[in-house]
Amino acid sequence: MNALKKIELLEMIGVTLQSKMTFSEINQYFRAHGIYSYDVLPSVNSKRVYTKDVLAGEDDDAILEIAKELDIPFRHTSEAEKETTAEKEATFWKAGYFKLFLSHIASFKKTTSILQSLLKKYGISAFVAHEDIEPTKEWQDEIEVGLQTMDAFAAILMDGFKESHWCDQEVGVAIGRGILIIPIMRGLKPYGFIGKYQGIQAQNKQVGEVANAIFTTIVRSKKTRIKMVRVLSNLISQSTDINEAIEKIKILDTISDLPTDILATLRQQITENHILIESQKLLNSINKLLAKYDLPKVIVGSISTEKDWDEDIPF
């Protein structure tokens, strides 16, 4: 497991344990896995950070075993598998974003690229083959990687789509994987196997309206709702741009019945982001959202940054 993948997995484990356990229970859980944390003291009063600090020095197998037990989805290829199978990395997805494959005919690539750009503000990274495949890459292999790693699939249905063998095959992969399929109707209704899916009417609409409709469809689907909410929450908590974070808080606020555990985690993570915690404008925005769910406000100085340790503990 490379360094970036390990950091990503440790973050997911940290967030999961933070929402499920106390500090004491986390230590008990680690000991059950033969992991002892005597030499690790929390640098901040955060179970998420503490978890990552403890596990940082552990080997990959121990970390992967914990991730599997916690039902954290994570793809890892062993060294033995790498010797027999060429592992392909999807380099075109924007890190930390929801992954949406946009299937379209070549003649519509300009408008599709504009849609791709507008989706970014919602935390959605859209794959547009004609824009995202590097000239030196084998384009068919890259499309296959995109299809295997996408979180959802959107098909721009218009004249010529049905006749495209590539578009039809892309739809087939999406159906086979059982992921959310979003038909975007631009003069052509959903047909065949995707005829049962409710589409977005895009005829005579602005690109921005279509982008918003795609986001709304994603957050309403049971298959993608939690994933999308977690993506927005993480993008807010990790942001170094105040205005961008506030924009995403407003987008998060448009989603009804947000899971309070995710909001509670977001609240904690904001207190650990030194850029966000110093912005009163941002605090007003997040506190307004937290108040809707009767959650405590974020108040500067209200979260201890150090754990009070007993001076009488034997050395």
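Above: the structure in question.
In short, a report on the structure. Remember, predicted model here, so these are calculated numbers, not experimental data.

### Here's the deal with the nonpolar core
Among the nonpolar cores identified, the biggest contains 75 residues, and F153, I214 and L252 are the most heavily contacted of them. Looking at this core, the element that brings in the most residues is helix α10 (residues 207-220), giving seven residues. When neighbours within four sequence positions are excluded, L252 is seen to be in contact with V229, L232, I236, L258, L263, L266 and L289. By size, the runner-up hydrophobic cluster in this structure holds 18 residues, among which are I26, F30, I63 and I72.

### Some points on the sheet that holds strand β2 (residues 124-127)
Taken together, the five strands give an open sheet; going across it, the order is β2-β1-β3-β4-β5, and neighbouring strands pair in parallel fashion. With partners counted over all chains shown, the strands left at the sheet margins are β2 and β5 (200-201), one partner each. Packing against the sheet, α10 makes contact with β1 (98-103), β2, β4 (180-185) and β5, and its axis sits at approximately 155 degrees to β4.

### Quick look at the packing of helix α6 (residues 109-119) against α10
The contact between α6 and α10 brings their axes to 9 Å, and the two run at 55 degrees. In terms of orientation, α6 and α10 fall into the oblique class. Where α6 crosses over α10, the handedness of that crossing is right-handed. Residue-level contacts link T111, I114, L115, L118 and L119 of α6 to V207, G208, V210, A211 and I214 of α10. Tallied by class, residues from the contact of α6 with α10 come to eight nonpolar, two polar and no charged.

Calculation criteria
Starting from 1, residues in each chain are numbered consecutively following that chain's sequence as written. In view of the model being predicted, local features appear only for residues whose pLDDT reaches at least 70, and side-chain atom pairs are presented and counted only at 80 or more, with totals across whole chains, interfaces and linings using the full set of residues. Think of the side-chain values as coming from all heavy atoms in the structure, minus any hydrogens and water. Among buried residues, those of type Ala, Val, Leu, Ile, Met, Phe, Trp, Tyr and Cys that are joined through side-chain atoms within 4.5 Å constitute a nonpolar core. Residue burial is assigned from relative accessible area. The probe radius is 1.4 Å, only protein chains are included, and a residue is buried under 20% of its type maximum, exposed over 50%, and partly exposed in between. Strands are runs of DSSP state E lasting at least 2 residues, helices are runs of H or I lasting at least 4, and numbering of each runs from the N terminus. We call two residues in contact whenever any of their non-hydrogen atoms come within 4.5 Å of each other. Strands are treated as partners if at least two bridges between them are detected by DSSP. All axes are obtained by fitting lines to C-alpha atoms, using only the stretch in contact for helices, and the reported angles, taken between N-to-C directions, cover 0 to 180 degrees. In these notes the angle categories are as follows: under 35 degrees is roughly parallel, over 145 is roughly antiparallel, 65 to 115 is roughly perpendicular, and the rest is oblique. Crossing chirality is assigned from the near helix's rotation relative to the far helix, an anticlockwise turn below a right angle marking it left-handed and a clockwise turn marking it right-handed. Gly falls in the polar group here, along with every residue not listed as nonpolar (Ala, Val, Leu, Ile, Met, Phe, Trp, Tyr, Cys, Pro) or charged (Asp, Glu, Lys, Arg).

Any link to function would need more than the numbers given here.
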